[in-house]
Amino acid sequence: AQSVTQLGSHVSVSEGALVLLRCNYSSSVPPYLFWYVQYPNQGLQLLLKYTSAATLVKGINGFEAEFKKSETSFHLTKPSAHMSDAAEYFCAVLNNAGNMLTFGGGTRLMVKP
Amino acid sequence: DTAVSQTPKYLVTQMGNDKSIKCEQNLGHDTMYWYKQDSKKFLKIMFSYNNKELIINETVPNRFSPKSPDKAHLNLHINSLELGDSAVYFCASSQEGSYEQYFGPGTRLTVT
């Protein structure tokens, strides 16, 4: 069974600072991995996905993530945080059948002025 | 154009009542899902339907019954509501083979 662990339920950065949100996965087969963002009182929006093509994946709003098989990681980064990036971020892995997402516990990103 | 819509957005009800949440997608997708997000923001899948057939039922109490009248709709009916059912329920959809799931805005259910 697949699983996802997000280290750090809360991350606080200053505006303009580097954003790093950590995600480690467990999967017996090459995984499909996703990052979603949830703004307050809204649904989930797909930021980016890894589906076994390029290991460095670029997403929306300046975010990117790198798939590292040796570390079983898929960390999300952004060079410079904006106030508008404050939200909850979820890492997820897709099951082998391609019909079920397993989510990590989420990381709340706070951006200080 | 709303891709995945849910109604109602907020639902407040008393224990023991029966309620329904509706979901519609206009993306032409063939698979729809219900997820539950608890008070700690933890997201877990409840059901998955593909072409109106139940594919996944993840240890959800029998009080929860999804119904898919057609590929574009997946409704969630909950009988005998309990306090622990309070959560945000998200509907999502995807097209087989694309792997991307599109989420609705959520329905916040509060059971008092």
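Structure's up top.
Reading guide: rules and limits
- Residues numbered from 1 in each chain as written.
- Chains lettered and ligands numbered in written order.
- Predicted model: local features only at pLDDT ≥ 70, side-chain atom pairs only at ≥ 80, totals over all residues.
- Heavy atoms only, no water.
- Helix = DSSP H or I, 4+ residues; strand = E, 2+ residues; numbered from the N terminus.
- Rg over C-alpha atoms; globule rule 2.2 N^0.38 Å.
- Buried < 20%, exposed > 50% of the residue type's maximum accessible area, 1.4 Å probe, protein only.
- Contact = heavy atoms within 4.5 Å.
- Areas by Shrake-Rupley, 256 points an atom, 1.4 Å probe, with all protein chains shown as cover.
- Lys, Arg positive; Asp, Glu negative; His and termini not counted.
- Charge placed at Lys NZ, Arg CZ, Asp CG, Glu CD.
- Disulfide = S-S within 2.5 Å.
- Buried area = accessible area lost by both parts, 1.4 Å probe.
- Salt bridge = Lys/Arg side-chain N within 4 Å of Asp/Glu carboxyl O.
- Polar contact = N/O pair within 3.5 Å; in protein donor to acceptor, adjacent residues only side chain to side chain.
- Nonpolar A, V, L, I, M, F, W, Y, C, P; charged D, E, K, R; others polar.
- Pairing = 2+ DSSP bridges.
- Axes fitted to C-alpha atoms, helices over the stretch in contact; angles between N-to-C directions.

Overview of the overall build of chain B
Now for step 1: Secondary structure assignment for chain B yields zero helices and eleven strands.
Now for step 2: Ordered by position in the sequence, the α and β elements of chain B form the string β-β-β-β-β-β-β-β-β-β-β.
Now for step 3: Computed over the C-alpha atoms, the radius of gyration of chain B is 13 Å, within 12% of the 13 Å expected from 2.2 N^0.38 for a compact globule of 112 residues.
Now for step 4: Its C-alpha atoms give chain B principal-axis dimensions of roughly 40 × 30 × 25 Å.
Now for step 5: When the 112 residues of chain B are sorted by exposure, 45% land in the buried category.
Now for step 6: Of the contacts made within chain B by residues no fewer than 6 positions apart, 53% connect residues no fewer than 24 positions apart.
Now for step 7: Total accessible area computed for chain B in this model is approximately 5600 Å², and 49% of it derives from carbon and sulfur atoms.
Now for step 8: Of the side chains in chain B, 12 bear a positive and 12 a negative charge, and the two mean positions are spaced by 8 Å.

Here's the deal with the overall build of chain A
Now for step 1: What chain A contains, in helices and strands, is zero helices and twelve strands.
Now for step 2: Counting from the amino terminus, chain A carries its helices and strands in the arrangement β-β-β-β-β-β-β-β-β-β-β-β.
Now for step 3: For chain A, the spread of C-alpha atoms along the three principal axes comes to 40 × 30 × 20 Å.
Now for step 4: In chain A, which comprises 113 residues, the proportion classed as buried is 46%.
Now for step 5: At a minimum sequence separation of 6, the contacts of chain A that also span at least 24 residues come to 55%.
Now for step 6: A distance of 3 Å separates the average location of the 8 positive side-chain charges in chain A from that of its 6 negative side-chain charges.

Structural notes on the state of the cysteines
Now for step 1: Within the structure shown, the criterion is met by two disulfides over all chains.
Now for step 2: Residue pairing for Cys-23 of chain A: its cysteine sulfur links by disulfide to Cys-91 of chain A, the two sulfurs lying 2.0 Å apart. Looking down the S-S bond of the Cys-23 of chain A and Cys-91 of chain A bridge, the torsion is -65 degrees, so its handedness is left-handed. Remark: Cys-91 of chain A occurs in strand 10 (residues 87-94) and Cys-23 of chain A occurs in the loop between strand 3 (19-21) and strand 4 (24-26); sequence separation between them is 68 residues.
Now for step 3: Here Cys-23 of chain B connects covalently by a disulfide to Cys-91 of chain B, the sulfurs 1.8 Å from one another. Across the S-S bond of Cys-23 of chain B and Cys-91 of chain B the torsion is about -75 degrees, and the bridge reads as left-handed. Highlighted residues: Cys-23 of chain B in strand 3 (residues 19-25) and Cys-91 of chain B in strand 9 (residues 87-94), separated in sequence by 68 residues. Just as Cys-23 of chain B is buried, Cys-91 of chain B falls in that class too.

Remarks on unusual backbone geometry
Now for step 1: In this structure, the amide linkage connecting Thr-7 of chain B to the following residue, Pro-8 of chain B, adopts the cis form with an omega of -5 degrees.
Now for step 2: The residue Pro-8 of chain B is located in the loop between strand 1 (4-7) and strand 2 (10-13) in this model.

Description of the interface of chain B and chain A
Quoted interface sizes are often the accessible area lost when the parts come together.
Now for step 1: The interface of chain B with chain A comprises 22 residues on the first partner and 20 residues on the second.
Now for step 2: Surface buried jointly by chain B and chain A totals about 1700 Å² across both partners, of which 58% is contributed by carbon and sulfur atoms.
Now for step 3: Per-residue buried area on chain B facing chain A is highest for Lys-41, Leu-43 and Tyr-99 of chain B; these three make up 33% of the total on that side.
Now for step 4: A salt bridge links Lys-49 of chain A to Glu-100 of chain B; its shortest N-O distance comes to 2.4 Å.
Now for step 5: Where chain B meets chain A, there are three residue pairs in polar contact (both at pLDDT 80 or more).
Now for step 6: When the residues that make up the side of chain B that touches chain A are grouped by side-chain class, the tally is eleven nonpolar, five polar and six charged.

Side note on the sheet that holds strand 7 (residues 64-70) of chain B
Residue and element names in this part refer to chain B.
Now for step 1: Pairing within the open sheet is antiparallel, and its four strands lie in the order 1-3-8-7. One side of each edge strand has no neighbouring strand; the edge strands of this open sheet are strand 1 and strand 7. Shown here is a sheet whose adjacent strand axes are inclined to one another by a mean of 20 degrees, direction ignored.
Now for step 2: Here strand 7 runs beside strand 8 (residues 73-78); their pairing, made up of five bridges, is antiparallel. Bridged to Lys-67 within strand 8 is Asn-75.

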